[in-house]
Amino acid sequence: MKARHFSEASAPPAPESSSALPDPALPVTPPSASGSPGKRKRGLRWLGVSGALALGVGIVWAIWFFWPTPLPEPPVVDSEESEVRRVIQEYHQKLVQQRRQASAWGDYGTILLAHLFDREAEECFAVASRLDPNDPRWFYGRALIALKRRPQEAVDLLRQAVEASRRQPQYQRVCEMTLAEALLERGEAEQAAELFRKYLSPPPGEPRARFGLALVAMALGHTEEAWSHLQAVREYPCCRKQAHTHLAALARTKGDLAAARQYESIASTADPDPPWPDPYLDHVVSLQVGRRGLQRRAGVLERDGRFFEAAQLYLKALQDQRTVDALLGAAVNLARLHQHGEALKLLREARELDARDASVQYTYALVLYAHAEIVQSHDPGHPQLREWFQEAAEAARLAIELKPDHGHACLFRGLALLQLGQAQEALVPLRQGLAIEPDNFELHLALGQALVRCGQFAEAEKELQTAAQLRPMDPRPSLELQRLRQR
Amino acid sequence: MKCPTLERRYLLGLLLVGGWGWLLGAGCSREVGGESTQADSQPTAEEWFADVTESWGIDFVHDPGPVGTYFMPQSMGSGLAVFDCDGDGLLDLYLLQFGGPQSSSVNRLYRQVQPGKFEDITAGSGLDVAGHCHGVAIGDVNNDGLPDVLLTFYGSVRLFLNRGQGRFEDVTSASGLLNPLWGASCAFLDYDRDGWLDIVVVNYLDYDPKVECRSPEGKLDFCGPNAFPPVCSKLFHHRGLVGGVPRYEDVSLVSGLGRLAGPGLGVTVADFDGDGWPDIFVANDGAPNRLWMNQRDGTFRDEAASRGVALTVMGKAYAGMGVAIGDTDNNGLFDIYVTHLGSETHTLWRQGPRGLFRDQTAAAGLMQSQWRGTGFGTLMADFNNDGSPDIAQVNGRVHRGGPAQDARLGFWETYAERNQLFANDGKGKFRDISEENPAFCGYWNVGRGLVAADLDGDGGVDLIVNAIGSRARIFRNVCPQRGHWLALQVVDPKHKREAYGAEVRVRAGGREWVRTVQPAESYLSSSSTTLHIGLGTVTAVDAVEVRWPDGPGEVERFTIAGVDRRVCLRRGEGMVVSSSSTPTPPSGK
């Protein structure tokens, strides 16, 4: 078709017939809404073009959406952490087989997060949250990572996690609490308070929310409200230390010095608060393997006094690999169970593995001394006693040589020398120990006893009195002082 | 002519395309605006500092010792001190090394021979010490008018008496000082107000070099504080001189400092409750801070919890490293700023009412920084002399994985970060001006020690940095349009030294500035004892009052004519002002 000039195109087409007038015999057709056939053709053409464009866009989108995301390479893990490498490979393999599944990406990210591969985990969570925006875990995981370096982004991610958690309510609370805390830290107290208040009922309310409201109240200067919330949660394990710290501050503000000191005293001696229960994070931590996983699990058991299980954990690890850490861990827990024979056997192996490890030498000295002391209490004439105390003294000496600021090694060397009747020689490590640990009751007591035996009574009395002040309920310093005064 | 139909369509299409283009462009610019840093949206300030290291003659390169062993103390770095070692009125520099006892790298002493020119006088000074040297404190321990030097090491502490003319003598053994622990920051203070300077040494961890720590990839890395038990700080009481050498007694246990472990890194000393007795603030790494309140009977009580500085507003014990004190909101009370890890926020605790603190980090605008870093050395000083203290800090990671590239730092590149500068708006709100200060903030380093001093006496506070494995740097204050200023040296002629612990209040133009004479601040470092006060537009000082730190603790008022000058305030030359009675003239005049 010949291209037409604009002016030609705009002019109505010339009639086909030569006559300018319509034929009266032909019916008169009224002008249609679509106008002339030419216009209709152009309209169809535009429709076709638009349709093609839309189809193209749709194809591009579908390709983008459905094209499999390139798989990340597993991070390089040192050969010493074979268990970590194995578990990461396992999850990576699952991802390879299910690369379009959000859960595969999310689970892989989770295992990476468990082993502190934050950057890699974040990439996986980003894909998982794109594939399944209704699962709050992936937004939450990203937020936890972002909280460390990009707090504003973390807040945005937490909001998305909260939104998604409406469909998975088991995560809703932790998402909202974490968001509230992030908002509070950024100074957005009112928004934080709104979130915390949701969890005040049923009474007494969620402890984390109450503690959060206490912090909000403190930030806003509402001391009475803060006081009330803190009193409600002060014995809750996850905030005990913090709550007492804040109560001490509030008490001082109110002018109640006695209460301030009391709360302060509790706060300073309390153990660090464990983290709040978090269904997602607790799951993440439970997936930890390798050295970190072993140390974490053993630490929890030891903290709870479950020494047998802790020992079993280390003994099981020893089946895979004989390491000094596992030998020490098993030996210490066995010693706590008074299984000194087994413990010493493991410690001797540890000494063979690494004689230059101060911890190994010290632990050997400690367990051997404890063993000898127990035997001595039943059988003071046991033929091996002297040999054991000598060996303990020597092991402690090695520990001090390897680590001169080892206060406990100084103590056991001093104690062992005292047992061997070498009180004068014992003074040196005991004084050295006190320079390192001036608040160590046992060192003051031992030094006092050594000074008595050396005839230095004035200094002995001073040390024994210090020991008595450090531990008023322990009768030993008083008994020693009585004996001293009777001389 | 009537517009042809197709033309209309084309025009409409053009309009549409143009419209979309505009919208897209606006969207992009909105998107860029949304990502923009504070610097983009604020008018740029002119640079405050210029690197003058080379021209001023400082050629010190920090030796951290052999790399690759991941010996944890190595990652904590070394400090520096600025003091007048030879009494010529010019400030000198002392920079610490960490090469180890067998290393050829020794601490270096640079004497300022004229403003802005230094010469190395290390050789034969007695301060040419090799070792794992962390911290330094400066103070005149024998009251002979010559400032002495205390050094902390990984595993020891050493005291050097200034014998004059740039010569120092190690008197550690004779002094009775013994600290076989991992010593970090330290400070001199007169805690019993007897006129003799006592010592506080902040100790860190019971570290075992055999313990290996690894990154998530399983690669060896420096351990963190959680891997080891904390240890206690130590307090040494000055028992007087024996043969001209001070004798110190370890009173850690009886004073109370020895009963609560750290792990401590930073320290500063000031009278926080206004009772005239110095108190000690210790920044702990991953544990609640300590605020040791002087009980005035030789003992201290930790009241950090009840006074609000133990934890952040969120109840967290962050990794405390460097400490700075200053009156950020001009209420006449010292606030405390502590630097933390890059994954945490550095915390500002504001004091008010007296003796009570609140975490005001967010309200002070310190959450809005252009980048985050693991902060170490930090201090507050009025760099632009507008009357309000600003904050400077040096950063550097403790674990691998930093973003620096091509920084030519070798092994340390993965730990390098950029420093930061925060400007006080005069109302206690801070703005991050790091981007606008490339000299101080634009380069990568593993920053540790930081001190401030007006080295060249031009009224601008300069900065000096000691970074791990790098060249030490001097940043001269070149802030344009600086306000008026005063530099005050506060001296007690009876003790022949600066009056450590003296509290100074300057009143001018309806405002009051408060300072304390205490060079220990920042991290492992000792700044100048001269008090620098930025006065803004004020051109006349109404009064300067000094509360002396010992004896009856009288307050003396001094009259100062003019501004933009250095003034020496000598005890006894002012007007004694008691709390309720009329002022009395100084005796003997």
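Just so you know, these numbers come straight off a predicted model, no measurement behind them.

With that settled, the discussion passes to the overall build of chain A. Counting its regular elements, chain A contains 25 helices and 0 strands. Since a compact globule built from 487 residues should have a radius of gyration of about 23 Å, the 38 Å found for chain A marks it as more spread out than a globular shape. Seen along its three principal axes, the alpha-carbon backbone of chain A occupies a region of about 150 × 60 × 40 Å. Looking at chain A as a whole, 45% of its 487 residues are labelled buried. A separation threshold of at least 6 residues defines the contact pool for chain A, and within that pool the share at least 24 residues apart is 52%. Surface accessibility of chain A: about 25900 Å² in total, with carbon and sulfur atoms responsible for 56%. Put simply, chain A has 59 plus and 61 minus side-chain charges, and the middle of one group is 6 Å from the middle of the other.

Right, let's talk about the state of the cysteines for a bit. Residue and element names in this part refer to chain B. For the structure on display, the rule yields 1 disulfide over all chains. The disulfide partner of C213 is C223, and the S-S distance across this bridge is 2.0 Å. Measuring the twist about the S-S bond at about 100°, one finds the C213-C223 disulfide to be right-handed. Of this pair, C213 sits in strand 12 (residues 213-214) while C223 sits in the loop between strand 13 (220-221) and strand 14 (234-242), and the two are 10 residues apart along the sequence. Each member of the pair, C213 as well as C223, is classed as buried. There is no disulfide at C479, and the cysteine sulfur nearest it, in C441, is 13 Å away.

What follows is about the sheet that holds strand 14 of chain B. Residue and element names in this part refer to chain B. Within the open sheet, the 4 strands sit side by side as 10-11-14-15. Their pairing is antiparallel. The open sheet has two edge strands, strand 10 (183-189) and strand 15 (245-250), and neither has a second partner. In this sheet, adjacent strand axes meet at a mean angle of 30° when their direction is disregarded.

For any two helices packed against each other, the geometry comes down to the angle between their axes and how far apart the axes lie. All names here are of chain A. Remark: helix 23 (residues 441-453) packs on helix 24 (residues 457-470), axes separated minimally by 8 Å, with the N-to-C direction vectors making an angle of 155°. In terms of orientation, helix 23 lies roughly antiparallel with respect to helix 24. At the point where helix 23 passes helix 24, the crossing takes the left-handed sense. Residues F441, H444, L445, L447, G448, Q449, L451 and V452 of helix 23 lie in contact with helix 24, whose contacting residues are F457, E459, A460, E463, L464, T466, A467 and L470. Of the residues belonging to the contact of helix 23 with helix 24, the class tally is 10 nonpolar, 4 polar and 2 charged.

Do not read the predicted coordinates in detail wherever pLDDT is low. Residue and element names in this part refer to chain B. Summing up the model confidence of chain B, the mean pLDDT is 90 and the portion of residues at 70 or higher is 90%. Taken together, the stretch residues 1-44 has pLDDT below 50 and engages in 17 contacts with residues farther than four places along the chain or on a different chain. A low-confidence stretch, residues 580-589 (pLDDT under 50), is modelled with 11 contacts involving residues beyond four sequence positions or located in other chains. We note a pTM of 0.86 for the whole complex and an ipTM of 0.83 for its interfaces.

Residues and elements named next belong to chain B. With antiparallel pairing, the 4 strands of this open sheet are ordered in space as 6-7-8-9. Two strands bound the open sheet, and with one partner strand each, they are strand 6 (133-139) and strand 9 (167-170). The sheet shows a mean angle of 25° between the axes of neighbouring strands, taken without regard to direction. Pairing analysis gives 5 bridges linking strand 6 to strand 7 (residues 148-153), with the strands arranged antiparallel. Pairing of A137 across the sheet is with L150, part of strand 7.

Turning next to the side chain of A:D118. Summarising the element assignment, A:D118 is placed in helix 5 (residues 118-131). With near-sequence residues (within four places) excluded, A:D118 lies in contact with A:L113, A:I145 and A:K148.

Each side of the interface is counted separately: chain A has 53 residues, and chain B has 53 residues. Between chain A and chain B lies a buried interface of about 4400 Å² when both sides are counted; carbon and sulfur atoms form 54% of it. On the surface where chain A and chain B come into contact, there are 5 salt bridges. Residue A:K403 is joined to B:D206 by a salt bridge in which the shortest nitrogen-to-oxygen separation is 2.2 Å. No other element matches the 8 residues that helix 12 (residues 240-254) of chain A contributes to the side of chain A that touches chain B.

Residue and element names in this part refer to chain A. Its place among the elements puts E463 in helix 24. For E463, a relative accessible area of 11% corresponds to the buried category. Here the alpha-carbon distance between E463 and L447, two residues 16 residues apart in the chain, equals 6.8 Å.

The next subject is helix 17 (residues 324-336) of chain A. Residues and elements named next belong to chain A. Under the 1.5 Å per step criterion, the end-to-end length of helix 17 is 18 Å for 13 residues, consistent within 8% with the ideal 18 Å. Among the 13 residues that make up helix 17, 10 are buried, leaving the element largely enclosed by the rest of the structure. Residues V324, A326, L327, L328, G329, A330, A331, N333, L334 and A335 constitute the buried set of helix 17. Of the surrounding secondary structure, the elements contacted by the buried residues of helix 17 are helix 15 (290-303), helix 16 (307-320), helix 18 (340-353) and helix 19 (358-378). Directly beyond the C-terminal end of helix 17, a positive phi value near 65° is found at H338.

Where charged atoms from two side chains of opposite charge approach closely, those side chains can pair. Residue and element names in this part refer to chain B. Scanning all chains against the criterion turns up 68 salt bridges over all chains. As a salt-bridge pair, D120 and R108 come within 2.7 Å of each other at their nearest N and O atoms. With a gap of 12 residues between them, D120 in strand 5 (residues 117-120) and R108 in strand 4 (residues 108-114) connect regions that are remote in the sequence. Among the residues examined, D120 registers a relative accessible area of 37% and is labelled partly exposed. One continuous salt-bridge network, built from bridges that share partners, spans D271, R354, E503, R505, R507, E512, E545, R547 and R557.

It is worth spelling out unusual backbone geometry at this point. In the segment running from A:S201 into A:P202, the intervening peptide bond is cis, with an omega of 10°. The residue A:P202 is located in the loop between helix 9 (189-197) and helix 10 (207-219) in this model. With an omega dihedral of 10°, the bond running from B:G262 to B:P263 counts as a cis peptide bond. Along the chain, B:P263 turns up in the loop between helix 5 (252-255) and strand 16 (264-270). At B:R408, a residue that is not glycine, the phi angle is positive and equals roughly 55°. Along the chain, B:R408 falls in the loop between strand 25 (390-395) and strand 26 (417-418). Phi at B:S522 is positive, roughly 65°, even though this residue is not glycine. Following the sequence through the fold, B:S522 ends up in the loop between strand 37 (520-521) and strand 38 (525-526). By relative accessible area, B:S522 is classed as buried at 1%.

Quick notes on the rules
- Residues numbered from 1 in each chain as written.
- Chains lettered and ligands numbered in written order.
- Predicted model: local features only at pLDDT ≥ 70, side-chain atom pairs only at ≥ 80, totals over all residues.
- Heavy atoms only, no water.
- Helix = DSSP H or I, 4+ residues; strand = E, 2+ residues; numbered from the N terminus.
- Rg over C-alpha atoms; globule rule 2.2 N^0.38 Å.
- Buried < 20%, exposed > 50% of the residue type's maximum accessible area, 1.4 Å probe, protein only.
- Contact = heavy atoms within 4.5 Å.
- Areas by Shrake-Rupley, 256 points an atom, 1.4 Å probe, with all protein chains shown as cover.
- Lys, Arg positive; Asp, Glu negative; His and termini not counted.
- Charge placed at Lys NZ, Arg CZ, Asp CG, Glu CD.
- Disulfide = S-S within 2.5 Å.
- Pairing = 2+ DSSP bridges.
- Axes fitted to C-alpha atoms, helices over the stretch in contact; angles between N-to-C directions.
- Parallel < 35°, antiparallel > 145°, perpendicular 65-115°, else oblique.
- Left-handed = near helix turned anticlockwise from the far one by under 90°.
- Nonpolar A, V, L, I, M, F, W, Y, C, P; charged D, E, K, R; others polar.
- pLDDT = per-residue confidence, 0-100.
- Buried area = accessible area lost by both parts, 1.4 Å probe.
- Salt bridge = Lys/Arg side-chain N within 4 Å of Asp/Glu carboxyl O.
- Expected span 1.5 Å × (residues − 1).

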